[in-house]
Amino acid sequence: MIDVRLIRENPEIVRRALEYRQMTSELLDEIVDLESKRREALQVVEQKKAERNSISSEIARAKASKDENLSVSLMDRAKEISSEVKELDLRASQIEEELKKKLLYLPNIPSSTTPVGKSEEDNVVVRMWGEPRKVDFEIRPHWDYGPETGLIDFERAAKISGARFTILRRDLARLERAIANFMLDLHHSKGYEEVALPFMVKRDTMQATGQLPKFEEEAYRIDPDDMFMIPTAEVPLVSQHMDEILEGDLPKKYTAYSACFRREAGSYGKDVRGMIRVHQFDKVELVWFTHPDDSYDALENLTADAEDVLRKLELPYRVVSLCTGDIGFAAAKTYDLEVWLPSYNTYREISSCSNVEDFQPRRANIRFRDVDNKLKFVHCLNGSGLAVGRTLVAIVENYQRRDGKIDVPKALVPYMRQEVIG
RNA sequence: GGAGGCGUAUCCUAAUUGGCUAAGGAGCCGGUCUCGAAAAUCGGUGGGGUUGACGCCCCUUGUGGGUUCGAGUCCCACCGCCUCCGCCA
């Protein structure tokens, strides 16, 4: 959420942010209008309330001095004012409600270091690591390799759950578990606190991180309880500190494994083959809470921690700085990590690392006490470290051998206790 | 699922019978004392809104309603926690 004060005092900043995001500023105009109406209504109702309060204490005094006549006449007057207050209060809170609702639909303001651009095509590659392997045989895409070896079973997954689900078998089931464990151990060794979290959360929780209200059709809802399956561990990881004042030293660094659930509404033609885009996948997530002054250094560090997973797995990747037209709703700045996938003959997203600044903390009301003793919103960052399913795909394809077997990356051998798969 | 109990500020904890400013303690910040610290002692100290800023003022006792001139206190609903029972991996 964006500070209403900023919108009031510098609406042009927000207007430019919306332009950069390729969005119209209708919503902003409505908000500015509502905000001035809110303050008008507030002034009127508060004045009436002050009047009511002072008469109320006059009544108390009159009663104390046993002046029945005075207290009766005051009570008549108070009754009148009180009903006026009720009416004015209702109007004011309706305006406030409407304003709040609209504010929840306003995206974050991109950082000045986010490249300006219209779409994906304007994203900027900031660095590359590793070289795609050159081989003189045909690497089987994982969507062929899986069914051919029986290690990925799309058919039965579709039978029990529908399209965009997978069943992993034997060595690949074990590999998935090994990848998650490896990632968690690596992050743990760097000082991340490991957390195991609920995979279902309440509506408020989804709202705190920005998935709701705007993107409800993207989430799986559990109807009778109005709960949601988490689309990422970022949701519970950030929201665990809702309405808290963080004590102790910042930054706080968390890592968590979770399953993630996404409806992928509106991606019907995209990535229909294989397990690149599925409704349920595993991910290891990284979340930082930082002092506002430190969040951009933190973004570099968090991104480096995610990159380190790819380096240790020796998978070629590149880092892309998303442009203003492509960053997510809550993000001020985002680096995507893209891993080399032979089946696509290109780099595909495997991690997304974002600084949301105070956007989520403001929604979730997460603050800290600064050196000047004032309460301020923390800054919040999140990143995948990494998406487990896509990592598995990257290994299956990048480590595939001529004989159809797969070399286990060195870093995973201790977890798999074998050097070859298949 | 059934029965009962409890939610007060950063934390602990009071305020039965509705009434003027939510008392007190801890913690934190500052002063005195001290070579320095601890102890002692004095003062300050919740959050949000409104304001250009200060002050006045408004809201805030889990959340939302209701009764009343007036609600921490009475009523209703919801949420959370605890105890007991039932069911259960």
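Each chain has its residues counted from 1, following the order in which its sequence is written. Working convention: letters from A go to chains and numbers from 1 go to ligands, in the order in which they are written. Whole-chain, interface and lining totals are the exception, using all residues; otherwise, since this is a predicted model, local features are given only for residues with pLDDT of at least 70 and side-chain atom pairs are given and counted only at 80 or more. With hydrogens and water set aside, each side-chain value is computed from the structure's full complement of heavy atoms.

1. A look at the nonpolar core
Okay, so step 1: To qualify as a nonpolar core, a set must consist of buried Ala, Val, Leu, Ile, Met, Phe, Trp, Tyr and Cys residues joined through side-chain atoms within 4.5 Å. Relative accessibility decides the category of a residue: with a 1.4 Å probe and only protein chains considered, values under 20% of the type maximum give buried, values over 50% give exposed, and everything between is partly exposed. Ranked by internal contacts, the top residues of the largest apolar core, which has 55 residues, are Leu172 and Leu175.
Okay, so step 2: If one sorts the elements of this core by residue count, helix H7 (residues 170-189) sits on top with 9 residues.
Okay, so step 3: Working rule for contacts: check all heavy atoms of both residues, and any pair within 4.5 Å makes them a contact. Not counting residues up to four positions away in its chain, the partners in contact with Leu175 are Leu392, Ile395, Leu412, Met416 and Ile421.
Okay, so step 4: Formed by 37 residues, the second largest nonpolar core is a distinct cluster that contains Leu28, Val287, Ala330 and Ala364. Think of it this way: any DSSP run of H or I at least four residues long counts as a helix, any run of E at least two long counts as a strand, and we number them from the N terminus.

2. Points about unusual backbone geometry
Okay, so step 1: Following Leu212, the chain continues into Pro213 via a peptide bond in cis, with omega recorded as 0 degrees.
Okay, so step 2: Looking at the element boundaries, Pro213 is found in the loop between helix H8 (203-209) and strand S4 (221-222).
Okay, so step 3: For the peptide bond that leads from Gly385 to Leu386, omega is 5 degrees, which places it in the cis range.
Okay, so step 4: Checked against the element boundaries, Leu386 lands in strand S14 (residues 379-387).
Okay, so step 5: One non-glycine residue, Glu314, lies in the positive phi region at around 55 degrees.
Okay, so step 6: As for its placement among the helices and strands, Glu314 is situated in the loop between helix H10 (295-312) and strand S9 (317-321).
Okay, so step 7: Relative accessible area serves as the criterion here: at 41%, Glu314 is assigned to the partly exposed category.

3. Things to note about the sheet that holds strand S8 (residues 280-290)
Okay, so step 1: By the convention used here, strands pair only if DSSP detects at least 2 bridges between them. Sheet architecture is open: 8 strands sit in the order S1-S9-S10-S11-S14-S8-S7-S2, paired in mixed fashion. Whereas interior strands pair on both sides, the edge strands pair on one side only; in this sheet they are strand S1 (124-129) and strand S2 (193-195). Strand-to-strand twist of the sheet, defined as the mean angle between neighbouring strand axes without regard to direction, takes the value 25 degrees.
Okay, so step 2: Along the sheet, H7 contacts S2, strand S7 (252-261), S8 and S14; its crossing angle with S8, the most-contacted strand, is approximately 5 degrees.
Okay, so step 3: Lines are fitted to the C-alpha atoms to define the axes, a helix being fitted only along its stretch in contact, and any angle between axes, read from their N-to-C directions, falls within 0 to 180 degrees. Strands in contact with H10 are S1, S8, S9, strand S10 (333-341), strand S11 (346-357) and S14; relative to S14, the strand with the most contacts, it is inclined by about 10 degrees.

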